[in-house]
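A look at the structure
The residues making up each chain are set out below.
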Amino acid sequence: MEMPRLNIKQVLPQIGIRSSQCKMEMTTTQGEVHCKYTPPKGVGWSQPKSETNPYESRKAYGARNNKDYAAERAEEGISKLRQGMSKKNADAQDMIKRGAKKGTNLPAEHAKSDMMAKFHPSKGLEMIIPPPPSFQVTQKSETTGQMDPGSYETTVKPADAFAHGKFTPAQAETYIKQEGSIDRWITYGEYDRRA
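Residues numbered from 1 in each chain as written. Predicted model: local features only at pLDDT ≥ 70, side-chain atom pairs only at ≥ 80, totals over all residues. Heavy atoms only, no water.

Turning next to the overall build of the protein. A count of helical and extended segments in the protein gives three helices and 12 strands. Relative to its full complement of 195 residues, the protein shows a buried share of 5%. Long-range pairs, those at least 24 residues apart, make up 90% of the contacts in the protein with a sequence separation of at least 6. Approximately 17,900 Å² of the protein is accessible, and the part contributed by carbon and sulfur atoms is 55%. (Helix = DSSP H or I, 4+ residues; strand = E, 2+ residues; numbered from the N terminus. Buried < 20%, exposed > 50% of the residue type's maximum accessible area, 1.4 Å probe, protein only. Contact = heavy atoms within 4.5 Å. Areas by Shrake-Rupley, 256 points an atom, 1.4 Å probe, with all protein chains shown as cover.)

Put into C-alpha cells, the structure is as follows:
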C-alpha cells in the first residue's frame, strides 16, 4: 500500500495602498492704480507739438511690425523654395550627365557640397547705417485768456489683506490586493509537484 502524503499550498495575503499628498492652493488679488490726467489749457492757448516715428530706424536693427514680418517671411520662403528647386534641378541634371560615368559618386559629392555650404558661411561684415527717425513739429504756441491748471488724480485700489487658500488633506486607503489561502490535499506515493 502506498504511503499517503500531505500536500500544502500557501498563498500569502498582499495589502495595497492608494495615497494622495496634501495640497495647499493660494489665490491672491492684485492692487490697481488708476490715474486721470486733465492737461492745462486756456482760451486760445496752444503749445508746440512734436511727433516722432522711429520705425524705419528700428527696422534697420531687426524690429518689425506684424505686416512687415509676415511679408518678409513670405518672400524669404518663396526665395528659399526657388533656390531649393533650382538646386534639386541642377543636381538632377548633374546626375543625368555624369552619374553613369565610372568612378563618380555624385550623391556623396552633393552631400559634401551641401555640408560645406552650411558649415562654412560666407565671410564678411555688413555695415548698417540706420536711417534717422522722422520728426514732425508744429511750431505754434500762443496763450490768451485765463489758464486752467488742469488736474492729476490717482486712485488706488489695494489688494485684499488676506490670501484665499484651499487645503486638500492627504488621503491613504488600504485594500486587500491578494487574499491569502492555504490549500491541503493528500496524494499517494509521491508529493504532488504541480502544487
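This brings us to the packing of helix α2 (residues 66–98) against helix α3 (residues 106–119). For the pair α2 and α3, interaxial distance at closest approach is 10 Å and the crossing angle is 150°. On the basis of the axis angle, α2 is roughly antiparallel to α3. Where α2 crosses over α3, the two elements pack in a sense that is right-handed. Packed against α2, whose contacting residues are K87, D91, D94, M95 and R98, the element α3 presents L106, P107, E109, H110, S113 and D114 at the interface. A per-class count over the contact of α2 with α3 returns three nonpolar, two polar and six charged. (Axes fitted to C-alpha atoms, helices over the stretch in contact; angles between N-to-C directions. Parallel < 35°, antiparallel > 145°, perpendicular 65-115°, else oblique. Left-handed = near helix turned anticlockwise from the far one by under 90°. Nonpolar A, V, L, I, M, F, W, Y, C, P; charged D, E, K, R; others polar.)

Further remarks concern the packing of aromatic side chains. What the rule picks out here adds up to one aromatic pair. Over the aromatic face of Y69 sits the side chain of R73, whose NZ or CZ is 4.9 Å from the ring centroid. (Phe/Tyr/Trp six-rings, centres within 6.5 Å; stacked < 30°, edge-to-face > 60°. Lys NZ or Arg CZ within 6 Å of the ring centre and 35° of its normal.)

Attention shifts here to the side chain of N7. Within the fold, N7 resides in strand β1 (residues 4–11). A distance of 2.8 Å separates polar atoms of two side chains, one belonging to N7 and the other to T187. (Polar contact = N/O pair within 3.5 Å; in protein donor to acceptor, adjacent residues only side chain to side chain.)

What follows deals with the side chain of S57. Relative to the elements of secondary structure, S57 occurs in helix α1 (residues 55–59). Classification of S57 as buried rests on a relative accessible area of 15%. Setting aside chain neighbours within four positions, we find S57 in contact with P130, P131, P132 and P133.

Our next topic: α2. The first and last C-alpha atoms of α2 sit 47 Å apart over 33 residues, in line with the 48 Å expected at 1.5 Å per residue. Buried within α2 we find D68, D91 and D94. (Expected span 1.5 Å × (residues − 1).)

Bringing the pattern of salt bridges into the picture now. Under the definition given, this model contains seven salt bridges. The partner of R64 in a salt bridge is E72, and the shortest N-O contact between them spans 2.7 Å. Counted as one network, the salt bridges with shared partners bring together R73, E76 and K80. (Salt bridge = Lys/Arg side-chain N within 4 Å of Asp/Glu carboxyl O.)

Attention now goes to a nonpolar patch on the surface. A surface patch of nonpolar side chains, amounting to about 550 Å² of accessible area, comprises L6, I8, I182, I186 and Y188. Looking at the element boundaries, I8 is found in strand β1. (Patch = residues over 30% accessible without salt bridge, like charges linked within 9 Å, V, L, I, M, F, W, Y side chains within 5 Å.)

Attention shifts here to the confidence of the model for the protein. Predicted coordinates in regions of low pLDDT should not be interpreted in detail. The predicted model of the protein has a mean per-residue pLDDT of 82, with 89% of residues at 70 or higher. Across the protein, the secondary-structure element scoring lowest on mean pLDDT is strand β5 (residues 41–42), at 68, and the one scoring highest is strand β2 (residues 14–20), at 91. (pLDDT = per-residue confidence, 0-100.)

Of note, L12 is situated in the loop between β1 and β2. For L12, a relative accessible area of 55% corresponds to the exposed category. When the C-alpha positions of L12 and E179 are compared, they lie 7.2 Å apart, and in sequence the two are 167 residues distant. Those residues in contact with L12 that sit more than four places away from it in its chain are Q178, E179 and G180.

Let us now look at the environment of A60. Along the chain, A60 turns up in the loop between α1 and α2. Here A60 is in contact with I128, P130 and P131, once residues within four sequence places are set aside.

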